[in-house]
Amino acid sequence: MKWYDWRHNTRRLQGWSKALQGGIPYTVEFESDKAKCVAGFTDFKRRLTVVNPEAFGKTSREQYRFTKALLAHEAAHKRYTEPSAVAPIVHKVANILEDERIERIMERTFVGTRQ
């Protein structure tokens, strides 16, 4: 049984993520299939955050900490990113720039988050 199969672990991470998301939090799901979720994403239309608990790290402890970091990153998108429909290449470039901006904001705003 994987560490994220334990309800205690996933509920703790879901609660932490929802606290960071602020008002009207999105549903938080875990998807370990890399074909469906490479690392993490936020679906603004479906009000959903999905992260892959096996995306980074080898040990359960490392994976837990990386999953927490992914959830903080996606919570920042929920809080600070304004979704828009643009061409795929424009979306990729904008997302890279947006990632830097939102992570700096989260670091300043929440003590529990770090670089």
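Quick look at the structure, then. Just so it is clear, the model here is predicted, and its values are computed rather than measured.

Bringing the nonpolar core into the picture now. Side chains that are nonpolar tend, in soluble globular proteins, to be buried together. Counting ten residues, the largest nonpolar core is built from Trp3, Tyr4, Leu13, Val28, Ala39, Val51, Ala55, Tyr64, Leu70 and Leu71. Ignoring anything within four residues of it in the chain, the contact list for Val28 reads Gln14, Ser17, Lys18, Gln21, Thr49 and Leu71.

Here the focus is the side chain of Ser17. Mapped onto the fold, Ser17 is located in helix H1 (residues 7-21). Here Ser17 falls in the buried class, since its relative accessible area comes to 0%. Excluding its chain neighbours within four sequence positions, the residues that come into contact with Ser17 are Val28, Leu71 and Ala75.

Pairing is mixed in the open sheet, where three strands are placed in the order S1-S3-S2. With one partner strand each, in any of the chains shown, strand S1 (27-30) and strand S2 (40-43) form the two edges of the open sheet. Geometrically, the sheet is characterised by an average inter-axis angle of 15 degrees between neighbouring strands, direction not taken into account. Summarising the sheet, S1 and strand S3 (residues 48-51) pair through four bridges and their orientation is parallel. Bridge assignment links Val28 to a residue of S3, and that residue is Thr49.

Definitions and cut-offs
- Residues numbered from 1 in each chain as written.
- Predicted model: local features only at pLDDT ≥ 70, side-chain atom pairs only at ≥ 80, totals over all residues.
- Heavy atoms only, no water.
- Core = buried A, V, L, I, M, F, W, Y, C linked by side-chain atoms within 4.5 Å.
- Buried < 20%, exposed > 50% of the residue type's maximum accessible area, 1.4 Å probe, protein only.
- Contact = heavy atoms within 4.5 Å.
- Helix = DSSP H or I, 4+ residues; strand = E, 2+ residues; numbered from the N terminus.
- Pairing = 2+ DSSP bridges.
- Axes fitted to C-alpha atoms, helices over the stretch in contact; angles between N-to-C directions.

Shape descriptors only; they carry no functional weight alone.
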